[in-house]
Amino acid sequence: DRAASQGRQVQFYTTLQERLSRVPGVRAVGAAVTLPIGGDEFGTGYFLEGQETLTPGSEPRAGYQVVTPGFFAAMGIPLRAGRDVRATDAPHSEPVVLVNEQLAREAWPGQDAVGKRVRLAANGPWMRVIGVVGDIRHLGPSTPPRPEVYQPGSQRSFPFMAFVVRTDGDP
């Protein structure tokens, strides 16, 4: 069944991440469904609590990532506000996301994005924004940063993820 399969995926990635983090010289390790400049472009429409979309299909769009704890540290992407994803962000706990600065500026100009709620489908669950991370140029150095949404892999498992490892020296 789907829940059991997702549970096995989460456990596999958690175990692999723990093993990689124990390798001498590893400072940070994390994973995401797609890596910047990797050629993959996942995207999603998103809906803001309290802001109704008048025309179906006119909702704003953002890049979409599923990430593990440690991904932002391994990539060198700064946490600007709030907190990172945690292993305790489990399937049974409140659904959460992080957003990048670009999405925060566009969605809530002049406001703190942490604590706001979004959903990624018109009938999907509301997810609380727990953090804001720095912008990256996911599609390449010549493409400006786009709005991005990051969902914990422990709440939305994926059958494939790419790991990033930051080391003290030459790996």
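Structure's up top.
Residues numbered from 1 in each chain as written. Predicted model: local features only at pLDDT ≥ 70, side-chain atom pairs only at ≥ 80, totals over all residues. Heavy atoms only, no water.

*Asks:* Help me understand the overall build of the protein, please; the structure alone is not making it clear to me.
*Replies:* Looking only at helices and strands, the protein has three helices and 10 strands in total. Written out in order from the N terminus, the α and β elements of the protein read α-β-β-β-β-α-β-β-α-β-β-β-β. Rg of the C-alpha trace for the protein: 16 Å, near the compact-globule value of 16 Å for 171 residues, within the 12% margin. The principal-axis extents of the C-alpha atoms in the protein amount to approximately 55 × 40 × 30 Å. Burial statistics for the protein: of 171 residues in total, 41% are counted as buried. Relative to all contacts within the protein whose residues are 6 or more apart in sequence, the contacts with residues 24 or more apart total 74%. On the protein, roughly 9200 Å² of surface is accessible, and the fraction owed to carbon and sulfur atoms is 52%. (Helix = DSSP H or I, 4+ residues; strand = E, 2+ residues; numbered from the N terminus. Rg over C-alpha atoms; globule rule 2.2 N^0.38 Å. Buried < 20%, exposed > 50% of the residue type's maximum accessible area, 1.4 Å probe, protein only. Contact = heavy atoms within 4.5 Å. Areas by Shrake-Rupley, 256 points an atom, 1.4 Å probe, with all protein chains shown as cover.)

*Asks:* Looking at this model, I keep getting lost on the side chain of Gln155. Mind explaining?
*Replies:* Summarising the element assignment, Gln155 is placed in the loop between β9 (148-152) and β10 (162-167). Within polar-contact distance, the side chain of Gln155 engages the backbone oxygen of Glu94 at 2.9 Å. Excluding residues within four positions of it along the chain, Gln155 makes contact with Asp89, Ala90, Pro91, Ser93, Glu94, Pro95 and Val96. (Polar contact = N/O pair within 3.5 Å; in protein donor to acceptor, adjacent residues only side chain to side chain.)

*Asks:* Explanation requested: the side chain of Ser154 in the structure shown.
*Replies:* Along the chain, Ser154 falls in the loop between β9 and β10. Of note is the side chain of Ser154, whose polar atom sits 2.3 Å from the backbone oxygen of Asp89.

*Asks:* Where do I start with the nonpolar core in this structure?
*Replies:* The tendency in soluble globular proteins is for nonpolar side chains to be buried as a group. With 23 residues, the main nonpolar core has Val99, Leu103, Trp108, Ala113, Val129 and Met161 as its most contacted residues. Secondary-structure elements contributing two or more residues to this core are β4 (61-67), β6 (96-100), α3 (101-107) and β8 (127-133). When neighbours within four sequence positions are excluded, Val129 is seen to be in contact with Val97, Val99, Trp108, Ala113, Val114, Gly115, Lys116 and Val118. (Core = buried A, V, L, I, M, F, W, Y, C linked by side-chain atoms within 4.5 Å.)

*Asks:* Please clarify how the packing of aromatic side chains should be interpreted in this entry.
*Replies:* Between two aromatic rings, the relevant description is the distance of the centres plus the angle of the planes. Here the structure, examined in full by the defined rule, presents four aromatic pairs. Both rings, one in Phe12 and one in Tyr13, keep their centres 5.4 Å apart while their planes meet at 70 degrees; by these two values the pair is edge-to-face. Counting every residue linked through ring pairs, the aromatic cluster contains Phe12, Tyr13 and Phe163. (Phe/Tyr/Trp six-rings, centres within 6.5 Å; stacked < 30°, edge-to-face > 60°.)

*Asks:* I tried to follow the pattern of salt bridges on my own but got confused; where do I start?
*Replies:* Proximity of charged atoms lets side chains of opposite charge pair with each other. Applying the stated criterion across every chain, the model contains seven salt bridges. For the salt bridge of Asp135 with Arg105, the shortest nitrogen-to-oxygen distance reads 2.9 Å. Within this pair, whereas Asp135 is found in the loop between β8 and β9, its partner Arg105 is found in helix α3, the two being separated by 30 residues in sequence. Residue classification places Arg105 among the partly exposed residues on the basis of a relative accessible area of 45%. Here Arg146 makes a salt bridge to Glu148, at a shortest N to O gap of 2.7 Å. Here Arg146 and Glu148 have matching classes, each one buried. (Salt bridge = Lys/Arg side-chain N within 4 Å of Asp/Glu carboxyl O.)

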